[in-house]
Amino acid sequence: MSETATPNEWPLWEVFVRSRAGLDHKHCGSLHAADAAMAIQLARDVYTRRLEGSSVWVVKSADITASDPGDKDMYFDPAEDKVYRHPTFYTLPSEVDHM
Amino acid sequence: MYTQAMDTMGREGPGDERPKAVRTTEELALQQRFDARIDDGGFIEAKDWMPENYRKTLLRQISQHAHSEIVGMLPEGNWITRAPTLKRKAILMAKVQDEGGHGLYLYAAAETLGTSRDQMLDALHSGKAKYSSIFNYPTLSWADVGTIGWLVDGAAIMNQVPICRCSYAPYARAMIRICREESFHQRQGYDSLLVMMRDGSDAQRAMVQDAVNRWWWPCLMMFGPPDDQSPNSAQGMRWGIKRVSNDTLRQKFVDATVEQARVLGVTLPDPDLKWNAERGHWDFGCIDWDEFWRVVGGDGPCNRERLAMRVKAWDDGAWVREAALAHARKQADRAAAQPAAA
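Residues numbered from 1 in each chain as written. Chains lettered and ligands numbered in written order. Predicted model: local features only at pLDDT ≥ 70, side-chain atom pairs only at ≥ 80, totals over all residues. Heavy atoms only, no water.

*Asks:* How would you sum up the pattern of salt bridges? Please name residues and give values.
*Replies:* Residue and element names in this part refer to chain B. Summed over all chains, the structure comprises 25 salt bridges over all chains. One salt bridge in this structure joins arginine 173 and glutamate 45, with 3.0 Å as the shortest N-O distance. Taken as a pair, arginine 173 in helix H8 (residues 169-199) and glutamate 45 in the loop between helix H2 (25-39) and helix H3 (52-71) lie far apart in primary sequence, 128 residues in all. Using a relative accessible area of 46% as the deciding quantity, one classes arginine 173 as partly exposed. We note a salt bridge from aspartate 283 to arginine 279, for which the minimum N-O separation is 2.7 Å. Under the relative-accessibility criterion, aspartate 283 is labelled partly exposed at 21%. (Salt bridge = Lys/Arg side-chain N within 4 Å of Asp/Glu carboxyl O. Helix = DSSP H or I, 4+ residues; strand = E, 2+ residues; numbered from the N terminus. Buried < 20%, exposed > 50% of the residue type's maximum accessible area, 1.4 Å probe, protein only.)

*Asks:* Now, about the sheet that holds strand E3 (residues 55-60) of chain A: what can you tell me, with residues and values included?
*Replies:* Residues and elements named next belong to chain A. As summarised here, the arrangement of the three strands in space is E2-E1-E3, forming an open sheet in which the pairing is antiparallel. This sheet does not close on itself; its edge strands, each paired only once, are strand E2 (25-32) and E3. Sheet twist, expressed as the average angle between the axes of neighbouring strands with direction ignored, equals 25°. The sheet contact formed by strand E1 (residues 12-18) and E2 spans seven bridges and is antiparallel. Looking at the pairing, tryptophan 13 lines up with leucine 31 of E2. (Pairing = 2+ DSSP bridges. Axes fitted to C-alpha atoms, helices over the stretch in contact; angles between N-to-C directions.)

*Asks:* An account of the environment of aspartate 228 of chain B is requested, with residue identities and associated values reported.
*Replies:* When you line up the elements, aspartate 228 of chain B lands in the loop between helix H9 (202-221) and helix H10 (233-238). Taking the C-alpha atoms as reference points, aspartate 228 of chain B and aspartate 247 of chain B, separated by 19 residues in sequence, lie 9.4 Å from one another.

*Asks:* Which residues make up the nonpolar core, and what values go with them?
*Replies:* Formed by 94 residues in total, the largest nonpolar core has its most connected members in Tyr54 and Tyr168 of chain B. Ranked by the residues each element gives to this core, the list is headed by H8 of chain B, at 11 residues. Beyond its immediate chain neighbours, meaning those up to four positions away, tyrosine 168 of chain B contacts Ile44, Glu45, Ala46, Met50, Tyr54, Leu58, Ile62, Ala109, Thr112 and Leu113 of chain B. In terms of nonpolar packing, the next biggest core, distinct from the first, is built from five residues, Trp10 of chain A together with Ala324, Leu325 and Ala328 of chain B among them. (Core = buried A, V, L, I, M, F, W, Y, C linked by side-chain atoms within 4.5 Å. Contact = heavy atoms within 4.5 Å.)

Following this line, the structure appears as structure tokens:
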């Protein structure tokens, strides 16, 4: 919940929708609801009006722990010089290159 | 739709809009990083550092955009019970429901900038925040509903598509979702008018023409004042909030609409409308900007009615919001009081 939220404002929820069976749930937005059941109901009404989903998750925004954008470089840059983690790093003879 | 916020900024009295001097070297570095990211065409996320004025400008634009979606439900909502067929009624309900959804996406984007939903609604209900001038015009006949879809939503699409590339990512994401749904709005409107023009009576055709006559000029105003009278545009462009100028978008809208009007069989109420082969665009007549500023300033045909309706809906719903919250708290307290499962 944002710091400025007033006490009588419904809490904020994050909505995740699985577009069809076999795929991941993907974050698609947020909404306010009094409780979890209402959040699911509203998420259906708001985010799946055109067959966008077959399953919905909701989680209170306040319960999400996120990495600090200030730490972005420290956290994620080290992966930049580890090109050997990618299959394309390795040049193989053309006869076996489909490996 | 409806991003007049930046254009009306200078007219609403002196604000605290002037940028503050950057103070510390740390802030200077942050500012440089921000500028560089904007220059690279990169996105700014909610928790990234941003200049205070960027935040304020966005908050103002996104919240006004959200208010416009919500107030925009009213003129069309008027016609749900009077739609001529069950099909048109179902379509209209879906459209009005979409507008409510669009308002929600946009409020959520604005909330990421550090304001609450209640604060934004207070600003709307107290008259402090504005919404698009277009919704202060009345919907007098059924043809107005189709005309809103065709022209108002058509103008909105022109306006909104460039915002899908807005530098503020939560706003851009909301716009992508909205634009995807908006095309249905325009097409259903045109389709409804087409039925009246092709299969309708003379009276119905006259009704369509009358609606077009009334909505045409207010629709051209939706794009905001001419570029040379839009002092905040340059900053908006610099920040990647505004991508295309008011006059460019307006011209694009006129050029696209002329052919649609011809196919529909209506005339656009502008004697000066004519093809300019040299420019490769349609020339059009002067817009009555006095009317625009009058409507923005609160003196349009329906300003008071729209706001009163919004406030009443909010006030009438208060007990539902309170009851839902009380119920949720009671359930949570009960769950907390129960001993841990054996």
